[in-house]
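Structural features, examined
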Amino acid sequence: MEKHLTVHHANAATPDGLIVRCLQGDEHAYATLYRQYAGMIYRLTYGMLQHSEDAEEVLQDTFEYAFRRLHKYDPEKAAFKTWLYQIAISRCRNKRRRKWLPTFSLDHAVATNHDIGDPDAIAPDAAAQLNAEKQRVWQALGKLSPKLRETALLRYHEGLSYNEIGVILDISPKTVESRMRLAHKKLKELLQGSISE
């Protein structure tokens, strides 16, 4: 049975309720779902790719893919947010494989006017709000390997548990914990290095 959600157990305003409405052809529900999750997914794609145009492209690709396959989403397997994260991470990995991306540049982040440190921001003027600490952290994050970076972003920036990250990345919680230890150690070294420079 492909449609896992039914109206009787999904309030129309919840993600599950909105998905039911989408499956019934409600265009407004699609727009509402996009508005609710676009900021969250953009933060992740920008953090992963550190390039505004690529992040925007992957954001659109993530939602296009998710909406085309909405009938296959199963709330028994994962929360809708987790499912979107899985799609976005996969799309980011594909993007990195297809295109060489430069190392994170603070100048680029400021020039493109994206404050990736602000949880609610896609606002064009938000980069001005970046403080020195956030700048240093994001610069250090950009120097991590892709695997460590995606794990650290999901943990530090999105506040997900090891179990949730494990589901999204299709690895065990123990592997998540191990990657986080390595990411934390590396970030600490990078940040201490930037203080002594």
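Note that the structure is a prediction, hence the values are computed from the model and not measured. Along each chain, residue indices are assigned from 1 in the same order as the chain's sequence is written. The model is predicted, so local features are restricted to residues of pLDDT at least 70 and side-chain atom pairs to those at 80 or more, both for listing and for counting; the totals for chains, interfaces and linings are taken over all residues. For the side-chain quantities, the full set of heavy atoms in the structure was used; hydrogens and water were omitted.

Interaxial distance between helix H4 (residues 80–98) and helix H8 (residues 162–169) falls to 8 Å at its minimum, and their mutual angle equals 50°. By the angle between their axes, H4 is oblique relative to H8. As H4 runs across H8, the sense of the crossing is right-handed. Across the interface between the two elements, Thr-82, Tyr-85, Gln-86, Ile-89 and Arg-93 from H4 touch Val-167, Ile-168 and Leu-169 from H8. Side-chain classes follow a simple rule in which Ala, Val, Leu, Ile, Met, Phe, Trp, Tyr, Cys and Pro form the nonpolar group, Asp, Glu, Lys and Arg form the charged group, and the remainder, Gly included, forms the polar group. Per-class residue counts for the contact of H4 with H8 are five nonpolar, two polar and one charged. A fitted line through C-alpha atoms serves as each axis, taken over the contacting stretch for helices, and the angle formed by two N-to-C directions is quoted from 0 to 180°. Strands are runs of DSSP state E lasting at least two residues, helices are runs of H or I lasting at least four, and both sets are numbered from the N terminus onward. For classification, angles of less than 35 degrees are called roughly parallel, those exceeding 145 degrees roughly antiparallel, those between 65 and 115 degrees roughly perpendicular, and all remaining angles oblique. In this scheme the crossing of two helices becomes right-handed for a clockwise turn of the near helix relative to the far one and left-handed for an anticlockwise turn of less than a right angle. Here, two residues are considered to be in contact whenever any of their heavy atoms come within 4.5 Å of each other.

On average, residues of the protein score 79 in pLDDT, and 74% of them are at 70 or above. Of all the helices and strands in the protein, helix H5 (residues 106–111) carries the lowest mean pLDDT, 38, while helix H3 (residues 52–68) carries the highest, 94. pLDDT under 50 marks residues 5–9. Its contacts with residues more than four places away, or in other chains, come to nine contacts. Low pLDDT, under 50, characterises residues 100–129; the stretch is placed with 51 contacts to residues that sit more than four places away or in other chains. pLDDT expresses, on a scale from 0 to 100, how confident the predictor is about each individual residue.

This part is about the layout of surface pockets. Think of a 1 Å grid over the protein atoms and nothing else: a 1.4 Å probe that fits but is trapped marks a cavity, an open set flanked by protein within 12 Å on at least five of seven lines marks a pocket, and residues with an atom within 4 Å of a point count as lining. Grid points are joined across faces, edges and corners, and a volume is the space filled by probe spheres set on the points. Computed from the structure, the largest pocket encloses a volume of approximately 230 Å³. Taken together, the elements giving at least two residues each to the lining of the largest pocket come down to helix H6 (132–141), helix H7 (146–157) and helix H9 (173–196). For the lining of the largest pocket, the residue count by class is eight nonpolar, three polar and two charged.

If you look at the biggest cluster of nonpolar residues, it comprises 49 residues, and the most contacted ones within it are Ile-41, Leu-44, Phe-80, Tyr-85, Leu-144 and Leu-154. It is helix H2 (residues 27–49) that provides the largest number of residues to this core, a total of 12 residues. Those residues within four positions of Phe-80 in sequence are excluded, and the remaining contacts are Pro-15, Ile-19, Leu-33, Tyr-37, Leu-70 and Tyr-73. Nonpolar cores were defined as sets of buried Ala, Val, Leu, Ile, Met, Phe, Trp, Tyr and Cys residues, with membership established by side-chain atoms within 4.5 Å. Relative accessibility decides the category of a residue: with a 1.4 Å probe and only protein chains considered, values under 20% of the type maximum give buried, values over 50% give exposed, and everything between is partly exposed.

This part is about the pattern of salt bridges. We count a salt bridge whenever a side-chain nitrogen from Lys or Arg sits within 4 Å of a carboxyl oxygen from Asp or Glu. Going through the model one piece at a time under the given rule, you end up with 10 salt bridges. Among the ionic pairs, Lys-95 bridges to Glu-57, the shortest N-O distance being 2.9 Å. In this pair, Lys-95 is assigned in helix H4 and Glu-57 in helix H3, connecting sequence segments 38 residues apart. Of the residues examined, Lys-95 reaches a relative accessible area of 8% and is grouped as buried. Given the relative accessible area of 41%, Glu-57 is considered partly exposed. Asp-61 is the partner of Arg-91 in a salt bridge, and the nearest nitrogen-oxygen pair spans 2.9 Å. Taken together, the residues span a long stretch of sequence, with Arg-91 in helix H4 and Asp-61 in helix H3 at a distance of 30 residues. Judged by relative accessible area, Arg-91 falls into the buried class, the value being 14%. A single salt-bridge network, built from bridges that share partners, covers Asp-54, Glu-57 and Lys-95.

Turning our attention to the side chain of Arg-179. Checked against the element boundaries, Arg-179 lands in helix H9. Although buried, Arg-179 forms no salt bridge, and the nearest oppositely charged side chain, Glu-150, lies 4.1 Å from it. If we skip the residues at most four places from it in the chain, Arg-179 touches Lys-147, Leu-148, Glu-150, Thr-151, Leu-169 and Ile-171. For the charge count, each Lys or Arg is scored as positive and each Asp or Glu as negative, with His and the chain ends excluded.

Its identity as a non-glycine residue notwithstanding, Gln-50 has a phi of 55°, on the positive side. The buried category is assigned to Gln-50, whose relative accessible area is 5%. Phi is positive for Asp-170, close to 60°, though the residue is something other than glycine. Take Asp-170: it is sitting in the loop between H8 and H9.

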